[in-house]
Amino acid sequence: MPKKINLDMASVEPREQRLGTIIAWDGNSEELHEQSAYELRGQKERGKKGCGGNCRLCELSGPFTQGAVCSEQMVECQAGNVRDAVLIQHSPIGCGGGQVEYNAIYRNGLAMRGYKVENIRIINTNLKESDMVFGAADKLRRSIDDAWERYKPQAIFVASSCATGIIGEDIESITDEKEAELGIPVVPLACEGFRSKHWSTGFDATQHGILRQIVRRNPQKKQEDLVNVINLWGSDVFTPLLKNLNLRVNYVVDLASVEELAQMSEAAATVGFCYTLSSYLATALEQHFGVPEVKAPMPYGFAGTDAWLRELARVTHREALVEPFIQAEHERVKPRVEELKKKLQGVKGFVATGSAYAHGLIQVMRELGIEVDGSLTFHHDPVYDSGDTKEDSLGYLNQHYGKVSNFHVSNRQQYQLYAFLQQVKPDFLLIRHNGLAPLASRLGIPAAPLGDEHIAVGYDGMINLGETILEILAHKKFHDDIRKHVKLPYKQWWLKQKDAYILAKHPELIDDDAAEEYSTEERVEVGAHA
Amino acid sequence: MPKTKKDKCKQTNSINQVRYGCALGALHSVTAIPGAMPITHCGPGCVDKQYMSLAFYNGYQGGGYAGGAVTPSSNLQEKDVVFGGAKHLDQLIAASLKIMEADLFVVLNGCIPEIVGDDIGAVVARYQKKGVPIVSAETGGFKGNNFTGHEIVTEAIIEQYVDKFAPDKTTKKKGLINVWAELPFQNTFWRGDLAELKRILEGAGWQVNILFGYGSAGVKEWLTIPNAEFNLVVGPWLGLKTAKLLEKKYNQPYLHLPILPIGAKQVGDFLRSIAAFAKENEVKTEAFIKREEKEYYYYLEYFTDFYAEYWWGLPASYAVASDATYNLALNKFLVNQLGLIPAKQIITDNTPEKYREAIREEYKHLADDVAAEVEFIEDGYLVTQTIKQGEYGHKPPIIFGTTWERDITKELNGHIVEVSYPVSYDVVINKTYIGYRGALTLLEKIFTTAISKSA
């Protein structure tokens, strides 16, 4: 029996347990690939012998960390972005802070896709100190009723929190009870922040709930021209791309309706733009609903996009259409790419994003002739859920575009980025998620925040990304100026370190020296402006 | 039906469209003090959530020296939950002292350590004994919002740092005052507002410990808190608790002025009240008011043509949905300076019950001939419903609110001025809406918004 994704459990199995995910590592991209042993692990994923649980990828772990990101945030940015659903955060009010960020994202996403712009619908159960002692089942029931009375949604998602996880709230029995009462899916999503070391488990948690309670089982019809595109809120680049193969797009999860989520089982295939995001849902749709996942390199750069389109055409039986399209696209795009290459000659870039996405972006940068000798990913999945080597995105990058000499896994740790940037001195950064660009800026390095995650996808992605890079290189004037006028919050001792992981390797460097300094030394105050 | 109750405003426990952070969000009160650095002991997403909501998608204020992705955090994991996280915190503090440059460290915890019972005070005490300027503040997220957290943090710094390190705690310096006003970062315009507040107070002859923001001398300014002649609490309630603590601790009286002053009338009353309370700086106060009013009315005179004869209709009525401080301040200004008509007033900061009656009283005499009702609602869904019920006459109203009010403003065909957290559609650097100068900026903002419909 091949190892299947388990949809019987209410909670998703965290990434580190399923895939062996790590959040700190240092070396080059070939070493990381070798140590990841994708193929061996993949055999395990498929139920063959493989390396069992023994091929652990060594992970660095030090005493110092800066605030990261949690799984519940990813639930907000997925389940919270379903157009006719409501998300309930069963949590103290602090988790509700996410409503502000994900509302900004939701409103911009709606505008980008041409929908009516309106507020996100997330309700927080606002747990208090006494709820930690006595539990808060009635508050959850009340908020579910409020969600129903206020919005008459097509589905209600309920996200757990660190607090409800620790006090052991039985969310599932309440969602079961309410689902029966209201006659719509009421879906519990287990996404306690402390439960997984990496926030991408939050993607899986959302997808797990949708697979269990929303996707139509045994659909009456098949839509042979419909393709599930697993994405976030990015601009609509897949519709024009897939139109050439006579295929229609079903965007999920963000900005989808509940019906669009339900019809995923009727589609002819599933694709993604990033295996970090799509791995779980795409694999489960194939294993449990018979919708084939397009297992191919991701659609970045000429080689990646060609291979991705060919595989999509094969799966959807459109082989005859694909070759002329690829040829036409090459002819259309190549002159533009050549122009950009000239403009970008001698420029060096650095990627700091999620895992598979980074692999794709580096491919595009290398197509544009940009040097990339350093990058970081927030985490690393040594294998994806299907276990199929055709999805080995890091392997594909190494093999077709060459290795990245300084490759780091660093979970949004700004203090480490300083050393990475000193080492390779890039001209610009590509980033997703907040937190790293502010430091780069203070070092005089501009960054392109890729809020629209589709910017680099496909043939046009090369042009879009190239132009974006030229634009941000022009911003350098601002960053150079600010560099001269700010002080970094790190001590000289740290700024002198060449190895960003020195504390993980030598924890003994943290002694009480630093504490003693305060009692013995005349310190110069850092904070006084006045 | 579940056994939860609705309050007078039909509120359940549900909070749609949050309008404040959690107690841990007060890590921003630390980053607002030049030279201070928070160290957070909480889940992996807590700092990011509070930062992205309070300091990013709220005027794009930014993290600065110690906020955003700079802030050290233990990013607690399952093992910390099972075995306790005190040792983890100890390591994080030791490493932070080695890596981060700061004059004062403030350790704040989130929900997880509070529930599993990590004794952060004991961990921090070890460093305090060594003379490290470090304090601990128990800000578990379910303990209250960031207003509560702000008071917890402020008092922790006073009790554990100021009291220990201040070179002189008994001498009172004539004319020196500590100012407790807006909540940094939660109030989107706090930086510009505090700068203007300091400017007008200094203009009237006072020496000012503004304590937060650019105008503060940072951590060393905090060490002079005990030397102030008195504490000035500006706003309906925030800071009163701290002022009472200081009264007991350092024998300092306090003056509570509920109205954050906007415009010449309010600023004049404000400065005269302070001079009268202290029986000091009366002459300087009058001279300053005279000078400033000359300038203020110079500009207002030119504005008069527009306000008197703009053809295409200006709004007449308004609603405010904001924290208590801005709500009352705006109402005073809009009624007294512009003669606008108050329709709906909603305070959204979960003002402690004991202060609410006094605030209601303030609205009963916004002017000699103008009174309004104020409601206390935190749930954004009900805020929208309440605004919807307003009587705005035959013209669309101005809604002073948050980004959440954009949808209802469109529905009412009105005009929105974002004045309260979250302000996601304004980029704010040092803009102020208070004092003399801020009042003029506010006029520009209101009427630029109002006349832009035909643009």
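Residues numbered from 1 in each chain as written. Chains lettered and ligands numbered in written order. Predicted model: local features only at pLDDT ≥ 70, side-chain atom pairs only at ≥ 80, totals over all residues.

Chain B appears in an unreviewed UniProt entry as Hydrogenase from Selenomonas ruminis.

As recorded in an unreviewed UniProt entry, chain A goes by the name Nitrogenase, listed as coming from Selenomonas ruminis.

Glancing now at the overall build of chain A. What chain A contains, in helices and strands, is 24 helices and 13 strands. Computed over the C-alpha atoms, the radius of gyration of chain A is 24 Å, within 12% of the 24 Å expected from 2.2 N^0.38 for a compact globule of 530 residues. Structurally, chain A occupies a C-alpha span of about 70 × 65 × 50 Å along its principal axes. The burial tally for chain A puts 56% of its 530 residues in the buried class. Considering only contacts within chain A whose residues lie at least 6 apart along the sequence, 74% involve residues at least 24 apart. (Helix = DSSP H or I, 4+ residues; strand = E, 2+ residues; numbered from the N terminus. Rg over C-alpha atoms; globule rule 2.2 N^0.38 Å. Buried ≥ 20, exposed ≤ 12 C-beta atoms within 10 Å, placed from the backbone. Contact = placed C-beta atoms within 7 Å.)

It is worth spelling out the overall build of chain B at this point. Looking only at helices and strands, chain B features 17 helices and 13 strands. Relative to the globule expectation of 23 Å for 455 residues, the C-alpha radius of gyration of chain B, 22 Å, shows essentially globular dimensions. Taken along its principal axes, the extent of the C-alpha atoms in chain B is 70 × 60 × 40 Å. Within chain B, buried positions represent 60% of all 455 residues. Taking the intrachain contacts of chain B between residues at least 6 apart in sequence as the baseline, contacts between residues at least 24 apart amount to 72%.

Along the chain, B:Gly205 falls in the loop between helix H8 (190-203) and strand S6 (207-209). Ignoring sequence-local partners within four residues, the contact set of B:Gly205 consists of B:Gly175, B:Asn281, B:Lys284 and B:Thr285.

Attention shifts here to the domain arrangement of chain B. Residue and element names in this part refer to chain B. When the domains of chain B are assigned, the result is domain 1 (23-165), domain 2 (173-260) and domain 3 (287-454). Counting residues at the interface gives 21 residues for domain 2 and 26 residues for domain 3. For the side of domain 2 that touches domain 3, the class distribution of residues is 11 nonpolar, six polar and four charged. (Domains from an automatic or database assignment. Nonpolar A, V, L, I, M, F, W, Y, C, P; charged D, E, K, R; others polar.)

Take the interface of chain A and chain B next. Counting residues at the interface gives 73 residues for chain A, matched by 86 residues for chain B. At eight residues, helix H7 (residues 137-151) of chain A tops the list of elements feeding residues into the side of chain A that touches chain B. Class assignment for the residues of the side of chain A that touches chain B results in 33 nonpolar, 22 polar and 18 charged.

All names here are of chain A. Within helix H2 (residues 29-36), the full set of buried residues consists of Ser29, Leu32, His33 and Ser36. The buried residues of H2 occupy an angular sector of 100° when projected down its axis, which confines them to one face. Positive backbone phi, approximately 50°, marks Ala37, located one or two places after H2. (Arc of directions from axis to C-beta.)

Turning to the UniProt feature "domain: Nitrogenase/oxidoreductase component" (unreviewed entry) in chain A, a few remarks are in order. According to UniProt, the "domain: Nitrogenase/oxidoreductase component" (unreviewed entry) feature falls on residues 79-472 of chain A. Taken end to end, residues 79-472 of chain A has its terminal C-alpha atoms 32 Å apart, with 47% of it in helix and 14% in strand. (UniProt positions renumbered as here; feature names shortened; annotations may be inferred.)

Let us now look at the nonpolar core. By size, the foremost hydrophobic cluster in this structure holds 300 residues, and its most contacted members are A:Phe157 and B:Val106. Among all residues touching B:Val106, those that are not within four sequence positions of it are B:Val30, B:Ala36, B:Pro38, B:Val135, B:Ala137, B:Val153, B:Ala156 and B:Ile157. (Core = buried A, V, L, I, M, F, W, Y, C linked by C-beta atoms within 7 Å.)

Residues and elements named next belong to chain B. Pairing is parallel across the open sheet formed by four strands, whose spatial order is S6-S5-S7-S8. Either end of the sheet is taken by a strand with one partner, and the two such strands are S6 and strand S8 (254-257). Put simply, the sheet's adjacent strands are angled 30° from each other on average, direction ignored. As paired elements, strand S7 (residues 228-234) and S8 share four bridges and run parallel to each other. What sits directly across from Leu232, in S8, is Leu255. Contacts between helix H10 (residues 240-250) and the sheet are confined to strand S5 (173-180), S7 and S8, with S7 contributing the most and set at about 160° to the helix. (Pairing = 2+ DSSP bridges. Axes fitted to C-alpha atoms, helices over the stretch in contact; angles between N-to-C directions.)

It is worth spelling out the UniProt feature "domain: Nitrogenase/oxidoreductase component" (unreviewed entry) in chain B at this point. Here the UniProt-annotated "domain: Nitrogenase/oxidoreductase component" (unreviewed entry) positions come out as residues 23-449 of chain B. What you have in residues 23-449 of chain B is 47% helix and 15% strand, and the ends, taken at the C-alpha atoms, are 34 Å apart.

Residue and element names in this part refer to chain B. The N-to-C vectors of helix H11 (residues 263-278) and helix H13 (residues 324-338) enclose an angle of 120°; their axes lie 8 Å apart at closest approach. Taken together, the axes of H11 and H13 are oblique relative to one another. Seen from H11, the contacting residues are Gly263, Lys265 and Gln266; seen from H13, they are Lys332, Phe333, Asn336 and Gln337. Across the contact of H11 with H13, the residue classes tally to one nonpolar, four polar and two charged. (Parallel < 35°, antiparallel > 145°, perpendicular 65-115°, else oblique.)

Taken over all residues, the pLDDT of chain B has a mean of 97, while the share at 70 or more is 99%. Prediction confidence for the complex, expressed as pTM and ipTM, is 0.97 and 0.97 respectively. (pLDDT = per-residue confidence, 0-100.)

Okay, the sheet that holds strand S8 (residues 269-272) of chain A next. Residues and elements named next belong to chain A. Taken in spatial order, the three strands make up an open sheet running S7-S6-S8, and their pairing is parallel. On the outer flanks of this sheet lie strand S7 (248-253) and S8, each paired with one strand and no other. Taken pair by pair, the neighbouring strands of this sheet meet at an average axis angle of 30°, ignoring direction.

Right, let's get into the environment of B:Ile210. All names here are of chain B. Tracing the backbone shows Ile210 in the loop between S6 and helix H9 (219-222). Owing to 23 C-beta atoms within 10 Å, Ile210 belongs among the buried residues under this scheme. If sequence neighbours within four positions are ignored, Ile210 has contacts with Val179, Leu194, Leu197, Lys198, Gly215 and Ser216.

Along the polypeptide, B:Ser96 turns up in helix H4 (residues 86-99). C-beta crowding within 10 Å serves as the criterion here: with 25 such atoms nearby, B:Ser96 is assigned to the buried category. Each C-alpha atom of the pair B:Ser96 and B:Ile416 lies 43 Å from the other, and the pair is 320 residues apart in sequence. Setting aside anything within four residues of it in sequence, one finds B:Ser96 in contact with A:Phe64, B:Ile39, B:Pro72 and B:Phe105.

Residues and elements named next belong to chain A. Burial along strand S5 (residues 186-189) is two-sided: the face carrying Val186 and Pro188 and the face carrying Val187 and Leu189 are both buried. Here strand S4 (residues 155-159) runs beside S5; their pairing, made up of four bridges, is parallel. In the strand pairing of S5, Ala159 is matched with Leu189.

Each regular strand carries side chains that alternate between the two faces of the sheet. Residues and elements named next belong to chain A. Where burial is concerned, the two faces of strand S12 (residues 428-431) agree: the one with Phe428 and Leu430 and the one with Leu429 and Ile431 are both buried. Pairing of strand S9 (residues 349-353) with S12, which is carried by four bridges, proceeds in the parallel orientation. Among the inter-strand pairings, Gly349 is bridged to a residue of S12, identified as Phe428. As judged from the three bridges shared by S12 and strand S13 (residues 447-449), these two strands associate in the parallel manner. Note on S13: the bridge partner recorded for Leu429 is Ala447. Since S12 and S13 lie parallel, the crossover through helix H19 (residues 437-442) that links them has a hand, and here it is right-handed. (Right-handed = clockwise from strand over helix to strand, strands pointing away.)

Negative phi characterises most residues that are not glycine, and trans characterises most peptide bonds. For the bond running from A:Val252 to A:Val253, omega is 0°, close enough to zero to count as cis. In this structure, A:Val253 sits in strand S7. Residues B:Tyr421 and B:Pro422 are joined by a peptide bond in cis, for which omega reads 0°. Unlike most non-glycine residues, B:Tyr60 shows phi in positive territory, near 55°. Counting through the fold element by element, B:Tyr60 comes out in the loop between helix H2 (46-56) and helix H3 (78-83).

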